[in-house]
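Structural description and commentary
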Amino acid sequence: MRLLQYNNGGDISLTEFFEGDIPKKYTILSHRWGVEEVTFKDLADGTKQAKRDGLRYFWVDTYCIDKSNAVELQEAINSMFRWYRDVTKCYVYLPDVSRPRTNSADASSEAWVSTFRESEWFTRGWTLQELIAPASVNFFSKERELLGNKVSLERHICEVIEIPVNALRGSLLSDFSVTERMSWAASRETYRQEDRAYSLLSIFDVNMPLIYSEGKDKAMQRLREEIEKASKGFKREDFAITFSLSDVSDVENFVTRKAELVEIHKALSGDGSRRTVIHYSLGGISKTQLAAAYAKRHKDIDDELADECHSLGVLYAEQGELVEAEQMFQRALQGREKAWGPDHTSTLETINNLGNLYNNQGKLDEAEQMYQRALQGKEEAWGPDHMSTLDTVNNLAALYVDQGKLVDAEQMYQRPLQSKEEAWGPDHMSMLDTVNNLGSLYADQGKLVEAEQMFQRALQGYKKAIGPDNITTYVPALSTILNLGLLFQCQVDLAKARTMFSKALRGYEQVFGPDHAKSEALRDRLCALDAVMANKAPVETEERADDTS
C-alpha cells in the first residue's frame, strides 16, 4: 500500500508500505472516478484537513495506485475495502454542494441539504464501498466547509441511496441478501463499464481477474458466478462440479422437447425434499441442452422467489408485522433448503433471521434452536472466527441474557469481543457495541466496577470514532450514556447520574423528538432523580437501556 506523507516542512512524499507495516492511522480522500480526477488543490486541502486531525498519512487512488500496472491494480481493488475499513477518517469533497461560511443568525439553515441529497457522489459505483466500509466519513462542501459525517447525515444518506441504516453502522455485509446488496448498486454508474461489476467485488467478498475489454454484461455474469461459488461455503468442491450456464448457447427457442421439460419439472417439484432425475439415452441427442434449458428456466426463478421472500421478511420485521415476517421467512427457508440444501450459507442467513424474529416475539426456546442451528452451519462453512459466525454468537449471548443464563452469555460475549478486536482493532463500531453489551451483562451480574469499565470504554470509543459532538445523535452511543447514568444511580453517585441522564435526554429529543415515548420516559426519570436529590430520598434502581443494535 502506498501512502502520501505530509512532512513537517510542508512537503508531500509517497511511501510504500508492506502489509505488516501499514500505519495504524491514515486518512483517505474520496472523489469521483472518471474525467474529474483529484486536483493539486484538492490534495493540498485534504492534507491540511488531515494535519488538523493529527494525521500524517493519507491515501488517494490517483497518486497511490499505478493503474497502468494490471497486477497492482488488481491487488489494489481486492484490498480497497479493507483499506477503507481500517482508515481513521475518510474525507469526501462534494464539488456540487455549496455551503459558504457564514456568521449570520441563520447559519444553521439547511438550504444545502437538497443539493447534498442530489450530489453525483451518491450515484457513482466506487463510492458505495467508500461510504459503507469506514467507521468515520466526513463530508465537505465545494467551499471546503464541513457538512457533517455519515452519522449526523445518516437519515439523508439512507433515504437517498435506499440502504438500510445497519449497513452504514458497520453490520456485516453477509447479513444482507445478494439481491439486497445488488439493489444498492442498481442505479450507480462507473466511468468504465466493467467497473459496474469490479466495484462490487468487495461488497460480496469475492475475487476475480479484471478484464477491461470484456464489457459490462460478461463482467456481471462472472461476478454472479463468483458470488454463487462463494455462497456455497468451503466444501463446495466436495459435492459439485463447476458448470457455467453462460458457456451454453442461448436456449430461448429450445421448444421442440417441451413435454420433457414439463415432466422434469413435475418430477422435481413437490414436498421440498431433495430429488434427482436421471435422463439416459444415446449420445448426441441434446441431453446437456435439455438440462441447461431446464436450469435456465426454473433455477433462477426459484432462487429469486426465495430471495424476494427473505427481503419481504426483513421488511415486515422492520415494520413490526411479525406474523407476516415469520410467514415470509418460512417460505424463504423452504425455498432455499430446496434449492441449495440445509447447510448453504443463504439458508443459514434465513435461519439466523428467524432466530431474531422469534426472539422479538418472546419465543426464546425457538430462537435458541434457530441460533444454534445457524451457528453450527456457519462454523462449518466459514470457521469459528468469521464475522458472520460471530454475529450469530452475539445473538446467542443476548438471548442467554434474556433467559437468565448469565454465565453462558458472558462466555458468548467474550468470544466475539476477542475476535473482533483482533480483526478490526479496539475502536471499531461493531466492537464497541459488543463492549456495551458486555457492560450491561456485568451490571446484571452485580459486577459494577467491570460494568463501568466497559461502558466507559465504549463511550470513549464512540467519541473517537464519530467525534464527541456526534455521540448524542448516534443511538448506540446514547444507550451507553443512559446505561452509565443508571449505573451511577445504582452506585448512589447521583450527580454523575444526572449528568448522564441530561446528556441522554438531549440526544433522545434530537433523534426521536421531544414527544417520543423514550424522551418522555427519560424526562420523567430525570424529574424523579431531581426529587430524590432534593429530598435525599432512597434511590430506586432502574432497568438499563436495551442492548445496542
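Residues numbered from 1 in each chain as written. Predicted model: local features only at pLDDT ≥ 70, side-chain atom pairs only at ≥ 80, totals over all residues. Heavy atoms only, no water.

The next point concerns the packing of helix α22 (residues 494-511) against helix α23 (residues 517-535). The N-to-C vectors of α22 and α23 enclose an angle of 160 degrees; their axes lie 9 Å apart at closest approach. Here α22 lies roughly antiparallel to α23, going by the angle between them. Read as a crossing pair, α22 and α23 show a hand that is left-handed. Of α23, the residues touching α22 (which contributes L494, A495, A497, R498, F501, S502, A504, L505, Y508 and E509) are K518, S519, L522, R523, R525, L526, L529, D530, V532 and M533. In terms of residue class, the contact of α22 with α23 is made up of 12 nonpolar, two polar and six charged. (Axes fitted to C-alpha atoms, helices over the stretch in contact; angles between N-to-C directions. Helix = DSSP H or I, 4+ residues; strand = E, 2+ residues; numbered from the N terminus. Parallel < 35°, antiparallel > 145°, perpendicular 65-115°, else oblique. Left-handed = near helix turned anticlockwise from the far one by under 90°. Contact = heavy atoms within 4.5 Å. Nonpolar A, V, L, I, M, F, W, Y, C, P; charged D, E, K, R; others polar.)

What follows concerns the pairing of strand β7 (residues 146-149). Looking at chain direction, strand β6 (residues 137-140) and β7 are connected through three bridges and run antiparallel. For F140, the partnering residue across the bridge sits in β7 and is L146. With antiparallel pairing between neighbouring strands as the criterion, β6 and β7 make up a hairpin whose turn holds five residues, including R144 at a positive phi of roughly 70 degrees. (Pairing = 2+ DSSP bridges.)

With that settled, consider the pattern of salt bridges. Enumeration according to the criterion identifies 15 salt bridges in this entry. The residue D86 makes a salt bridge to R85 at a minimum N-O spacing of 3.1 Å. Classification of R85 by relative accessible area gives partly exposed; the value is 22%. The partner of R155 in a salt bridge is E159, and the shortest N-O contact between them spans 3.7 Å. Remark: E159 and R155 occur in helix α6 (residues 154-161); sequence separation between them is four residues, near one turn of the helix. In this structure, a network of salt bridges that share partners links the residues R117, R155 and E159. (Salt bridge = Lys/Arg side-chain N within 4 Å of Asp/Glu carboxyl O. Buried < 20%, exposed > 50% of the residue type's maximum accessible area, 1.4 Å probe, protein only.)

Moving on, we come to the packing of helix α21 (residues 475-490) against α22. Orientation of α21 relative to α22, taken along the N-to-C sense of each, is 155 degrees, at an axis distance of 8 Å. Of the possible angle classes, the one that applies to α21 and α22 is roughly antiparallel. Seen from above, α21 lies across α22 with left-handed handedness. Counted together, V475, L478, I481, L482, L484, G485, L486, F488 and Q489 of α21 and L494, K496, A497, M500, F501, K503, A504, G507, Y508 and V511 of α22 form the full contact between these two elements.

Once that is clear, we can look at the nonpolar core. Ranked by size, the top nonpolar core spans 69 residues in total, and within it Y26, W59, F116, F139, I157, I163 and L223 carry the most contacts. Counting residues per element, this core draws most heavily on helix α3 (residues 70-86), at seven residues. Counting residues in hydrophobic clusters, the runner-up holds 61 residues, among them F329, A367, L441 and A497. (Core = buried A, V, L, I, M, F, W, Y, C linked by side-chain atoms within 4.5 Å.)

For the rest of this paragraph, the subject is the packing of aromatic side chains. As enumerated under the stated definition, the model contains 10 aromatic pairs in all. Ring centres of Y93 and F140 lie 5.0 Å apart, and the angle between their planes is 25 degrees; this geometry places the pair in the stacked category. With Y93 in strand β5 (residues 89-93) and F140 in strand β6, the pair connects residues that are 47 residues apart, well separated along the chain. Both residues of the pair, Y93 and F140, belong to the buried class. Judged by centre distance (5.2 Å) and plane angle (85 degrees), the rings of F116 and F122 are edge-to-face. Judged by relative accessible area, which is 1%, F116 ranks as buried. F122 sits in the buried class, given a relative accessible area of 6%. Cation over ring: R192 sits above Y212, and NZ or CZ is 4.0 Å from the ring centre. (Phe/Tyr/Trp six-rings, centres within 6.5 Å; stacked < 30°, edge-to-face > 60°. Lys NZ or Arg CZ within 6 Å of the ring centre and 35° of its normal.)

That is the geometry; function is a separate question.
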